[in-house]
Amino acid sequence: MIGWVDIYKVVEAMMPLYVALGLGYGSVKWWHKLSSDHCDAINRLNYFFVLPFFTFDYKMNYLFICGDLIAKATIGFFLTLWANFYSKGDFSWSITTFSFCSLTNALVMGIPVLNAMSPQVGVDLVIQSLAIQFLIWSIIIQFMMELRNAKNEIMSYEDANQDIEGNNNNNNNNASTKTPSLGSVMTVVWSKLSKNPNFYACFLGIMWSLVADRWHFGLPNIVKECISIMSKAGSGIGMFTIGVFVAMQQKIMAGGTGVIVFGLFLRFFVGPATMTIGSFIVGLHGNVLRASILQASLPPGIASFVLAKEYGVHPEIVSAVVIIGILVSLPIMIAYYAISELTH
């Protein structure tokens, strides 16, 4: 049975995160200490020089990875059916839905919160979840967004050709255009990933974990300290950046209440539900099962908004879901923690 001491332990882990978020929000909205250029610089510092150091030195759990693959494959399967065979199916909304279900705030909030709820086991699973997000799910989402843009380009080219042919049959040569191919879409995705240090950090982190697990050795202390001095700043700077991001938005509830509630439902209920199914299928149990479900109930990740904004796929709605999801995550995480304790 969960007690007040357990609840306080979760609040104790999450409250400093909200303080950092509030400072970031106030520095822009109330005190006007930071301009948009400053905000961009802080975000780049966090994204390129702090976050990559989180993805080293953890113990691999292959069953958890298989469970996560099953969970996301289940979501992808039903979204594919919906987008292709249902009359109201929409490719863009399939991408946004998969993003809500797959990308969590594993890095900034996941590590301190899971460390309080399920020490070490939870932290290892959160870092593995983060690596999978960078190496698999974000790449798939990015590829699908590039594919969507390529399809839109093709449709616009075809419409332009039809207009030109209808207006002036003598200008058919001017209507010939080069449409993007699937190969060019993958090239664009890879070129963007090749400039992202988080991609390399996650890949190296997984390779190191596999080697360390196979031959049973760890990082030298001097390397650990070099990684630690940067990674310790990650949660604070990350939440500060999110507070700045919230303050920069013109309108939080953009897109309508119903759509935002649906996005929160996908993140906080569909994501954990499919992870529970995947975990049972592969045979997870005990603390690992609890931690796998808890990490799946984390709020939506800022990466969802970054990708949505870059590709123009419902950025206002994604922004609202990310902001509100972070703000309401405390009672939801406590509820999941209580349920996990009751069923333990």
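See the structure shown above.
Residue positions within a chain follow its written sequence, with the count starting from 1. Under the rules for a predicted model, residues below a pLDDT of 70 receive no local features and side-chain atom pairs below 80 are neither given nor counted, while totals for whole chains, interfaces and linings still include all residues. Only heavy atoms go into the side-chain values, all of them from the structure, while hydrogens and water stay out.

Visitor: Tell me about the side chain of N105, residues and numbers included.
Guide: With respect to the helices, strands and loops of the structure, N105 is situated in the loop between helix 4 (91-102) and helix 5 (106-117). Judged by its relative accessible area of 5%, N105 falls in the buried class. Two residues qualify as a contact provided that any one of their heavy atoms is within 4.5 Å of a heavy atom in the partner residue. Leave out the neighbours within four places in its chain, and N105 touches G110, I242, L298, P299, P300, G301 and I326. The numbering of helices and of strands both runs from the N terminus, where a helix is a DSSP run of H or I of at least 4 residues and a strand a run of E of at least 2. Type-normalised accessible area, obtained with a 1.4 Å probe on protein chains alone, sets the label of each residue: buried when under 20%, exposed when over 50%, and partly exposed for intermediate values.

Visitor: Can you explain the environment of H38? Please cite residues and give values.
Guide: Mapped onto the fold, H38 is located in helix 2 (residues 36-50). In sequence terms H38 and Y8 are 30 residues apart; their C-alpha atoms lie 35 Å from each other. Within the structure, H38 has its side chain in polar contact with the backbone nitrogen of S35 (distance 3.0 Å). As used in this structure description, the phrase polar contact means that two N or O atoms lie within 3.5 Å; if the pair is within protein, one of them must be able to donate a hydrogen and the other to accept it, and residues adjacent in sequence are counted only when both atoms belong to side chains.

Visitor: Explain the nonpolar core to me, and be specific about the residues and the numbers.
Guide: In this text, buried Ala, Val, Leu, Ile, Met, Phe, Trp, Tyr and Cys residues form a nonpolar core when linked through side-chain atoms within 4.5 Å. The biggest cluster of nonpolar side chains holds 83 residues, and the ones touching the most others in it are M14, M109 and M239. Considering each element in turn, this core owes the most residues, 13 residues, to helix 6 (residues 121-167). If we ignore the near neighbours within four places in the chain, the residues touching M109 are M14, L17, Y18, M239, L298, P299, I326 and S329.

Visitor: Break down the packing of aromatic side chains for me, citing the residues and quoting the values.
Guide: In summary, the pairing rule links any two rings of Phe, Tyr or Trp, Trp by its six-membered ring, whose centres are within 6.5 Å, and it sorts them by plane angle into stacked for under 30 degrees, edge-to-face for over 60 and tilted for everything else. The tally for this structure, following the rule as stated, stands at five aromatic pairs. Between the aromatic rings of Y25 and W30, the centroid separation amounts to 5.3 Å while the plane-to-plane angle is 75 degrees, which identifies the pairing as edge-to-face. Note on W30: relative accessible area 55%, which makes it exposed. On the basis of an interplanar angle of 75 degrees and a centroid distance of 5.4 Å, the ring pair of F77 and F78 is categorised as edge-to-face. Neither F77 nor F78 differs from the other in exposure class; each is exposed.

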